[in-house]
Amino acid sequence: MLTFAAVGLAPVAHAGMAFGNYELALAGRYDFHTWVWSATSCPEACIHINAIARPVAKAFNYSGDAQLAGGRYTLTVDVPDGLRCGDIYYGPTIPTHDVYSWDATTLAGSLQSSYDVGCNTAPADTNTYPFTLSRM
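Not measured: the values here are computed from a predicted model.

J.: In this structure, what is going on with the packing of aromatic side chains? I would like to understand it.
T.: How two aromatic rings sit relative to each other is set out by the distance from centre to centre and by the angle between their planes. Evaluated as defined, the whole model comprises 10 aromatic pairs. Ring centres of Tyr 62 and Tyr 100 lie 6.1 Å apart, and the angle between their planes is 15°; this geometry places the pair in the stacked category. Placement of Tyr 62 in strand β4 (residues 62-69) and of Tyr 100 in strand β6 (residues 93-103) is noted, with a sequence separation of 38 residues between them. Of the two residues, Tyr 62 and Tyr 100, neither departs from the other in class, the shared state being buried. Members of the aromatic cluster, each reached through a chain of ring pairs, are Trp 35, Trp 37, Tyr 62, Tyr 73, Tyr 100, Trp 102 and Phe 131.

J.: Is there a simple way to explain the pairing of strand β5 (residues 72-84) in this structure?
T.: The side chains of a regular strand alternate, residue by residue, between the two faces of the sheet. Pairing between β4 and β5: 3 bridges, direction antiparallel. Following the sheet pairing, Leu 68 is matched in β5 by Tyr 73. The turn joining β4 and β5, which pair antiparallel and follow one another in sequence, is formed by 2 residues; a positive phi near 60° is taken by Gly 70.

J.: Honestly, the confidence of the model for the chain in this entry has me stumped. Any pointers?
T.: Any region with low pLDDT has predicted coordinates that should not be read closely. When pLDDT is averaged along the chain, the result is 88, and 89% of the positions lie at 70 or above. Within the chain, no element has a lower average pLDDT than helix α1 (residues 2-8), which sits at 46, and none a higher one than strand β7 (residues 108-117), at 98. Counting interchain partners and residues more than four positions distant, the pLDDT-below-50 stretch residues 2-14 has 0 contacts.

J.: I keep staring at the state of the cysteines and nothing clicks. Help me out?
T.: Working definition of a disulfide: a covalent bond connecting the sulfur atoms of two cysteines. Scanning the model with the defined rule gives 2 disulfides in all. Shown here is the disulfide that connects Cys 42 with Cys 46, its sulfur atoms set 1.8 Å apart. The buried category is assigned to Cys 42, whose relative accessible area is 17%. One disulfide in the model links Cys 85 with Cys 119; its S-S distance is 1.9 Å. A torsion of -80° about the S-S bond marks the disulfide between Cys 85 and Cys 119 as left-handed. You can see Cys 85 sitting in the loop between β5 and β6 and its partner Cys 119 sitting in the loop between β7 and β8 (123-135), a full 34 residues away along the chain.

J.: I'm lost on the nonpolar core in this one. Help?
T.: The nonpolar side chains of a soluble globular protein tend to be buried with one another. Judged by nonpolar contacts, the single largest core of 25 residues is most densely connected at Met 17, Trp 37, Tyr 62, Leu 75, Tyr 100, Trp 102 and Leu 133. Secondary-structure elements contributing two or more residues to this core are β1 (20-26), β2 (34-42), β3 (46-54), β4, β5, β6 and β8. Residues in contact with Trp 102, not counting those within four places in the same chain, are Met 17, Trp 37, Ala 66, Gly 71, Arg 72, Tyr 73, Leu 75, Leu 107, Ala 108, Gly 109, Phe 131 and Leu 133.

Reading guide: rules and limits
- Residues numbered from 1 in each chain as written.
- Predicted model: local features only at pLDDT ≥ 70, side-chain atom pairs only at ≥ 80, totals over all residues.
- Heavy atoms only, no water.
- Phe/Tyr/Trp six-rings, centres within 6.5 Å; stacked < 30°, edge-to-face > 60°.
- Helix = DSSP H or I, 4+ residues; strand = E, 2+ residues; numbered from the N terminus.
- Buried < 20%, exposed > 50% of the residue type's maximum accessible area, 1.4 Å probe, protein only.
- Pairing = 2+ DSSP bridges.
- pLDDT = per-residue confidence, 0-100.
- Contact = heavy atoms within 4.5 Å.
- Disulfide = S-S within 2.5 Å.
- Core = buried A, V, L, I, M, F, W, Y, C linked by side-chain atoms within 4.5 Å.

Structure follows, in structure tokens:
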């Protein structure tokens, strides 16, 4: 009887990202910030991400729900300062539409960052950056 209770009450395992804090290592993006992602629960096969900039100066934190499908999470956010132009600290910034996609097991993925107009009125484009997440 005790064996049945132990098996029946065992926690359900899920093939997804664990809740907690993660260091976002984003390669190649022209930015002086590093990011911490705080991952918490949300309903229906997703995980809520709060992105926190370090340092907080000249950055906008963002948040959204990352949907899980086919073993990959996808997080879509609009960032008011996603593209930095000229001086990395004091230059102008341009809003971006960012789509993060990563493997639920390896926590490796890519960011596609799109903008309607680039630096110095360059045409619209999309930049792609690889990234990894590491549990803190």
